[in-house]
There are 2 protein chains.
Amino acid sequence: MRSHKILLTEQEIPEKWYNIVADMPVKPMPPLHPGTKEPIGPEALAPLFPMALIEQEVSAEKWIDIPEEVRDIYKQWRPTPLFRAHNLEKLLDTPAKIYYKYEGVSPSGSHKPNTAVPQAYYNKQEGVKRITTETGAGQWGSALSYACNLFGIDCEVYMVKISYEQKPYRKLMMNTWGAHVFPSPSDKTEAGRKILAQSPNSPGSLGIAISEAVERAAMNEDTKYSLGSVLNHVLLHQTIVGQEALLQMEKAGDLPDVVIAPFGGGSNFAGLSFPFLRLNFDEGKNIRAIASEPASCPKLTRGVFRYDFGDTVGMTPLLPMYTLGHNFVPAPIHAGGLRYHGAGVIVSQLLKDKLIEARAHNQLEAFDAGVKFARAEGIIPAPEATHAVATAIAEAEAAKEAGESRTILFNLCGHGHFDLAAYEDYFSGKLQVHELTQDEISASLAELDTPEIA
Amino acid sequence: MRSHKILLTEQEIPEKWYNIVADMPVKPMPPLHPGTKEPIGPEALAPLFPMALIEQEVSAEKWIDIPEEVRDIYKQWRPTPLFRAHNLEKLLDTPAKIYYKYEGVSPSGSHKPNTAVPQAYYNKQEGVKRITTETGAGQWGSALSYACNLFGIDCEVYMVKISYEQKPYRKLMMNTWGAHVFPSPSDKTEAGRKILAQSPNSPGSLGIAISEAVERAAMNEDTKYSLGSVLNHVLLHQTIVGQEALLQMEKAGDLPDVVIAPFGGGSNFAGLSFPFLRLNFDEGKNIRAIASEPASCPKLTRGVFRYDFGDTVGMTPLLPMYTLGHNFVPAPIHAGGLRYHGAGVIVSQLLKDKLIEARAHNQLEAFDAGVKFARAEGIIPAPEATHAVATAIAEAEAAKEAGESRTILFNLCGHGHFDLAAYEDYFSGKLQVHELTQDEISASLAELDTPEIA
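Report follows, based on the coordinates. In this convention, every chain numbers its residues from 1, walking through the sequence in written order. All chains are assigned letters beginning at A, and all ligands numbers beginning at 1, according to the order in which they are written. Local features in this predicted model are restricted to residues whose pLDDT is 70 or higher, and side-chain atom pairs enter the listing and the counts only when it is 80 or higher, whereas totals over whole chains, interfaces and linings include all residues. As a convention, hydrogens and water are excluded, and side-chain values are obtained from all of the structure's heavy atoms.

1. Observations concerning unusual backbone geometry
Peptide bonds are, in most cases, trans, and in most cases residues other than glycine have a negative phi. Which entries qualify depends on this criterion: Labels follow the DSSP assignment, with helices taken as runs of H or I lasting at least four residues and strands as runs of E lasting at least two, numbered in each case from the N terminus. Relative accessibility thresholds used throughout: buried, under 20% of the residue-type maximum; exposed, over 50%; partly exposed, between the two (1.4 Å probe, protein chains only).
The linkage connecting R78(B) with the following residue, P79(B), adopts the cis geometry, with an omega of -10 degrees. When you line up the elements, P79(B) lands in the loop between helix 2 (68-74) and strand 4 (82-84). That bond from S184(B) to P185(B) is cis: its omega, 10 degrees, falls within 30 degrees of zero. Non-glycine residue V230(A) carries a positive phi angle of around 70 degrees. Relative to the helices and strands, V230(A) resides in the loop between strand 9 (223-225) and helix 10 (232-251). For V230(A), a relative accessible area of 9% corresponds to the buried category.

2. Overview of the state of the cysteines
Filter applied, for reference: We call a pair of cysteine sulfur atoms a disulfide whenever their separation is within 2.5 Å.
In the structure shown here, the tally under the stated rule is 0 disulfides over all chains. Between C413(B), a cysteine without a disulfide, and C297(B), which holds the nearest cysteine sulfur, the sulfur-to-sulfur distance is 16 Å.

3. Things to note about the interface of chain A and chain B
What counts is decided by this rule: Contacts are assigned to residue pairs that have any heavy atoms within 4.5 Å of one another. The quantity reported as buried area is the accessible area (1.4 Å probe) lost by two parts once they are put together, taken as the sum for both. Think of a salt bridge as a Lys or Arg side-chain nitrogen and an Asp or Glu carboxyl oxygen that are within 4 Å of each other. For the purposes of these results, a polar contact is taken to be a pair of N or O atoms within 3.5 Å, where, inside protein, one atom must be able to donate a hydrogen and its partner to accept one; residues adjacent in sequence count only when each atom of the pair is a side-chain atom. Under the scheme applied, nonpolar residues are Ala, Val, Leu, Ile, Met, Phe, Trp, Tyr, Cys and Pro; charged residues are Asp, Glu, Lys and Arg; polar residues are all the others, including Gly.
Taken together, the 45 residues of chain A in the interface contact 45 residues of chain B. Surface buried jointly by chain A and chain B totals about 4,000 Å² across both partners, of which 55% is contributed by carbon and sulfur atoms. Joining chain A to chain B, the criterion identifies 4 salt bridges. Among the salt bridges present, the one from K5(B) reaches E10(A), with a minimum N-O distance of 3.3 Å. Where chain A meets chain B, there are 21 residue pairs in polar contact (both at pLDDT 80 or more). Put simply, the parts of the chain that give the side of chain A that touches chain B at least two residues each are strand 1 (4-6), helix 2 (68-74), helix 5 (139-151), helix 7 (168-176), helix 14 (363-377) and helix 16 (420-427) of chain A. The element best represented in the side of chain A that touches chain B is helix 7 of chain A, accounting for 6 residues. Of the residues in the side of chain A that touches chain B, the class split is 24 nonpolar, 10 polar and 11 charged.

Any functional reading would require information that these geometric values do not contain.
Below, the structure written as structure tokens:
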């Protein structure tokens, strides 16, 4: 039997996003002002984000309507398919049933447009003329470029300089959609010029790029800033993924015992898992949710829960998060989208309360799983996605060892068309595994002078 | 109004391929033996292809069943979406309605798996252990690698050496699916060794790669050869595209006045257009079909109709085709899939009988259309596909000038994720337009000593 996809009609695209905050037994703690370290309210975010997104950021409403125009654009690639991975099951010779949701069919090739589109929409509604953002490997920057182009908003992307030089294809994708892409540090901003004065050959970092994008938005009335993960409203938008998957699992006459997704800042994981966690809250189900993170950036499995900055420079509000410290520099693994020091506030609270689990894989395990998957199922996963594949395989093997059935669902969040150089490293045996020592983590955490949480 | 997609259910995937030969008023002339120049029968193909494909190659049956197992694999990505391009229409301010069928959702990103899968299937049925093929830019090689991997058949791809070196991503995609990829000329074959002895630094050519792949198949009992276009059975398999599109247009309550597809060897064009041409034969409709070819390789618009070889070396049977001469070397445009000197037999006969049309675009026109399309519709087309976009835009503009409505459907046969360097050349103004002179064409044709057709 061949692997089968389970489709929905466009009419079945969910009409609401699910806001898990309404159901959380312990609500997230407030963000703190970076200087005063006092709790801040939504108004502090007004220079950077349109009001509609700030309202979503602090909302406690369980269901939030997806605007008709956003739903209409979603229809360009949504509903995305959900597959039963019969071939992978056969390869693993497991009694487990494995399903995956495939988000790589979007125009930019990942789940990122699910939030880029509503973010561009709400900015447009409030008359914003330009949106700035940062991007590392380029998945987020290309999704936002696509979305801004649809609404006729100018898009300015600060791309970490070393990625800008090494990964020209993602930049060209952004250009094709009309975005302006600058290697960061750039001479467009005070922050960038300062860095360039000190080190003209700086390769850049995500922290510097954030500083540049934020500065541009803060200094210009008609310009706002946009973030591709971590924040509550970003997680909210991604729940379209799990909402659809829930309907598709119902069509398959099945319900997962465990849902799995890659973990960078949290929106990928939240997108798939929160609508299933809702069944735990609402219907007393006992569905496990596992976040798959890289062993080289293990904030969930080896970090601490405390207040920390979202950026490396220390400009953003302090957020209560699992973190490795905002100065932590992860090894240069290929899964660029997972190289972030902290976890979003909601996901951190859920982990603290043991309502979700986390698992780490080194990149050799991840690519090994990715190649197995590509040969069995025919789709080449993005390096980020291979982490979820690795966890799914581990769960399927555990089911086999226990001699029990288990229904597994994971998020195949994107294709690897722009990441084949990483696969080449894998095939040629060049792939490095960096064993992160406890000393390295402790050293990064020791630098933190941010508030601890009891 | 946003661009909308028209979907089918999996149950609606057509159960038969359409064989236009049954309806052609003038049937194709027979192939000739390359040495004797006498007509040859199907048995001459037996060393290279399995019997089931040879039967399809010479079949006059109007409908040919799609095997259940092939249809089952098609379901991994089929039915593919058909879109109404509202945004492009708006951009062009045209009274025309523009639809496109999108084949880029397949695992290898183009329409090529539509034939790679049944070819691998029929080879497997007949116990074939290894399939060889050639590839230029790599679209076909990656589709066949994907299909062979599904059936556990060893896949050997001879990739033109200069592409092998310049386009590593396609090669890596093939490796990920387990194929063996050799830069051609290689030392695996007599043909390759001969070339290497003469010119050790040969960059290779599609002609040499065909010779190598054919030799490997001819010399080994358990090995067959596979071709990605030109031949009748390949065109047949691609009609799944048009069969689906016909159902989708019916769902949209519409019927195209004109259908358009890129033209390399003919299978892309045949796939979309033949099921619509059937309505002309069966129901007296008057649907126009336009083949979009590159101005630098204009066999349909500027070639001659005569017998010619399928390869450059002169090993294959002589086929009655529109050709620029088998030694014609097209300019190195980015649309590698369209750089072929001749047109398939069926399509050539249809053009001869004025049942289809052709139109040529230079690559600046093509990329200009491609970028317009990407910005309007959000999908970045493969360079091959941009040629169909250019024809569609020309038809929409003609409708506007004439002040009349017109319903246009074209095949967006693949995405451009591996071709962004070509877009970079376009953006940076580096894109070359080679004006092909009549002298160049005449010189190539003057070399031909193959039989002319009255």
